[in-house]
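Next come the chains, spelled out residue by residue.
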Amino acid sequence: MHILTGIIVGVLLTVSFCKIPQAIGADWEKNLPFTPQQLAIIKQIKLALQTYQVDGDKKGKIDDTKMYYGALKGLVESLGDPYTRFVDPKTLTEENVEMEGEYGGLGMYMASRDGRTIVIAPMEGTPADRAGIKPLDEIIKVDETNVMGKDSDEVVKMLRGPAGKAVTVMIRRKNVNKLIPVKMVREVIKIKTVRLEMLKDNIAYIKLNHFNLKTDQELQAAMKLAASKNAKGIIVDLRNNPGGLLDVCVDVTSQFVPKGMVVGMKGRFDKANDVLSVKEGRATKLPLVVLVNEGSASASEIFAGAVKDHKRGTIVGSKTFGKGSVQTLFNLPDGSGMYITIARYYTPSGFVLDHKGLQPDIKVDGYPTKNKKDDKQLQKAISVLREKMGAKK
């Protein structure tokens, strides 16, 4: 069973573990969300559109299927939860294709916040990363279309497209007075989750980009390689990591935290209430520093929270994104589906991450740079780790 820890543009991977009660039976009408009068008004609206809307007589303009799915989407959106969403069959199929790990796009993760489309993080080595897109950038326009007020699904569809085709995105950035145009060329996005680099003083720098099905295995390989190079300490860089799969996060955490709770979930029914613990016997004993920023979300926050609460390592950087809720996919009979928020996460100390974010042990402003010497957060992490390595001697 895989539970999605974050709504991420580019990769959506989850399965449902709950059954939806069937809307059938002698008294099924009692469970409808509308009164007979409200249903009559819905029918009246459709007839008025067919009769009076200026283009209502054109073929395909009044589409019963589009109206039906639009109504379902509106029902779900009425909750005001950007992570609880309805997806029609075509959209759900497209998202399932993305689970294969390749698609034509720009390579950035996004979320809806207060009616705005916010970048959680660009993926390393993608068009968005190379173009300088940053966490918390707000997308205002895609080409000539204003996207303010649109939900993230619509924006994703606009950004997605054939590899090789250009798109211009207008973004609003904090502390910048004018909108910034960013032109990018779509390409096939391939997600590489783990990258190892050995730094001076036998420091293993591990960049963790995402928590997907390959991450734990790739991390194990990176850890073995680091050990063969006589690593004396580890920096795990979770900056701009938007999350991923919960069970993978537990596996990854188990490679650093020797025992105890990783994360708890609290919801309204039994299966949404759980406590997940590390798989003992896998953890390295090497000194550890974890880097986070405002682009670290969901599974990244769970990992960092477990490391912090168990005092296994030091968290360096800036406050994380604050995405701490659990979504599961409910498949519907017509091929559509709903992602529903069923629970919220809490760290071993009981801290609820959602809408709050995790504060680092050592706050350092900055952002990842290509030149590591200019990366203030990384340099601080190296300094802290050297102290830990020295103390261990």
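Note that the structure is a prediction, hence the values are computed from the model and not measured. (Residues numbered from 1 in each chain as written. Predicted model: local features only at pLDDT ≥ 70, side-chain atom pairs only at ≥ 80, totals over all residues. Heavy atoms only, no water.)

Trainee: Could you give an account of the pairing of strand S15 (residues 288-292), naming the residues involved and the relevant values?
Mentor: Of all 5 residues making up S15, 5 are buried, and the element is well covered by its neighbours. What you see with S15 is no split at all: Leu288, Val290 and Val292 on one side and Val289 and Leu291 on the other are buried throughout. With 4 bridges joining them, strand S12 (residues 233-237) and S15 adopt parallel strand pairing. Pairing of valine 236 across the sheet is with valine 290, part of S15. When S15 meets strand S16 (residues 314-317), the two strands line up parallel, connected through 4 bridges. Residue pairing across strands places valine 292 opposite glycine 317, the latter belonging to S16. Read as a crossover between parallel neighbours, the route from S15 over helix H8 (residues 299-309) to S16 is right-handed. (Buried < 20%, exposed > 50% of the residue type's maximum accessible area, 1.4 Å probe, protein only. Helix = DSSP H or I, 4+ residues; strand = E, 2+ residues; numbered from the N terminus. Pairing = 2+ DSSP bridges. Right-handed = clockwise from strand over helix to strand, strands pointing away.)

Trainee: I'd like to hear about unusual backbone geometry, residue by residue, with values.
Mentor: In the Ramachandran plot, asparagine 230 falls in the positive-phi region, its phi being about 65 degrees despite a non-glycine side chain. Tracing the chain through its elements places asparagine 230 in the loop between helix H6 (215-228) and S12.

Trainee: Tell me about H8, and please be specific about residues and values.
Mentor: Judged by how many residues are buried, H8 sits mostly within the fold: 9 of 11 residues are covered. Where H8 is concerned, the buried positions are Ala299, Ser300, Glu301, Ile302, Phe303, Ala304, Gly305, Ala306 and Val307.

Trainee: Let's hear about the packing of helix H7 (residues 246-254) against H8: which residues, and what values?
Mentor: Close contact between H7 and H8 brings their axes to 10 Å; oriented N to C, the two are set at 30 degrees. If you check the angle between H7 and H8, you find them roughly parallel. In the crossing of H7 with H8, the sense of the turn from one axis to the other is right-handed. Note on element contacts: H8 touches H7 through Ala299, Ile302, Phe303 and Ala306, opposite Leu246, Cys249, Val252 and Thr253. Classifying every residue of the contact of H7 with H8 by side-chain character gives 7 nonpolar, 1 polar and no charged. (Axes fitted to C-alpha atoms, helices over the stretch in contact; angles between N-to-C directions. Parallel < 35°, antiparallel > 145°, perpendicular 65-115°, else oblique. Left-handed = near helix turned anticlockwise from the far one by under 90°. Contact = heavy atoms within 4.5 Å. Nonpolar A, V, L, I, M, F, W, Y, C, P; charged D, E, K, R; others polar.)

Trainee: Can you tell me about the packing of H6 against H7, naming the residues and giving the values?
Mentor: Angle between the axes and distance between the axes are the two parameters that describe a pair of packed helices. The geometry of H6 relative to H7 is characterised by a closest axis approach of 9 Å and an angle of 15 degrees between their N-to-C directions. Classified by the angle their axes make, H6 and H7 are roughly parallel. At the point where H6 passes H7, the crossing takes the right-handed sense. In contact with Thr215, Asp216 and Leu219 of H6, H7 contributes Val248, Asp251 and Val252.

Trainee: Tell me about the sheet that holds S12, and please be specific about residues and values.
Mentor: Strand order in the open sheet formed by 6 strands is S10-S11-S12-S15-S16-S19, with mixed pairing between adjacent strands. Edge positions in the sheet fall to strand S10 (194-199) and strand S19 (362-363), since each has one partner strand and no second. Bridge analysis of S16 against S19 gives 2 bridges, and the strand direction is parallel. Residue glycine 317 lies in a different strand from S19, and its bridge partner there is lysine 363. Each of S10, strand S11 (203-208) and S12 is contacted by H6, which is oriented at about 15 degrees to S10, the strand it contacts most.

Trainee: So what's going on with the side chain of serine 336? Which residues, and what values?
Mentor: Following the sequence through the fold, serine 336 ends up in the loop between strand S17 (325-331) and strand S18 (337-346). Of note is the side chain of serine 336, whose polar atom sits 2.6 Å from the side chain of aspartate 334. (Polar contact = N/O pair within 3.5 Å; in protein donor to acceptor, adjacent residues only side chain to side chain.)

Trainee: Outline the pairing of strand S4 (residues 116-122), supporting the account with residue identities and numerical values.
Mentor: Most of S4 is tucked away: 6 of the 7 residues are buried. Bridge count between strand S3 (residues 108-113) and S4: 6 bridges; the pairing is antiparallel. Counterpart to arginine 113 in the pairing with S4 is arginine 116. The antiparallel pairing of S3 with S4 creates a hairpin that spans 2 residues between the two strands, and aspartate 114 there sits at a positive phi of about 55 degrees. Across 2 bridges, the pairing between S4 and strand S5 (residues 138-142) is antiparallel. For isoleucine 118, the partnering residue across the bridge sits in S5 and is glutamate 138.

Trainee: So what about the packing of aromatic side chains? Which residues, and what values?
Mentor: Tallying each qualifying case throughout the model produces 3 aromatic pairs. Residues phenylalanine 256 and phenylalanine 303 carry aromatic rings whose centres are separated by 5.6 Å and whose planes lie at 90 degrees to one another, so their mutual orientation is edge-to-face. With a gap of 47 residues between them, phenylalanine 256 in the loop between H7 and strand S13 (261-267) and phenylalanine 303 in helix H8 connect regions that are remote in the sequence. Classification of phenylalanine 303 as buried rests on a relative accessible area of 0%. In textbook terms, an aromatic cluster arises when at least three aromatic residues are bridged by ring pairs, as seen for Tyr68, Tyr69 and Phe86. Its guanidinium or amino end placed over the ring of tyrosine 83, lysine 323 lies 4.6 Å from that ring's centre, counting from NZ or CZ. In this structure, lysine 372 is placed above the aromatic ring of tyrosine 205, and the distance from its NZ or CZ to the ring centre is 5.3 Å. (Phe/Tyr/Trp six-rings, centres within 6.5 Å; stacked < 30°, edge-to-face > 60°. Lys NZ or Arg CZ within 6 Å of the ring centre and 35° of its normal.)

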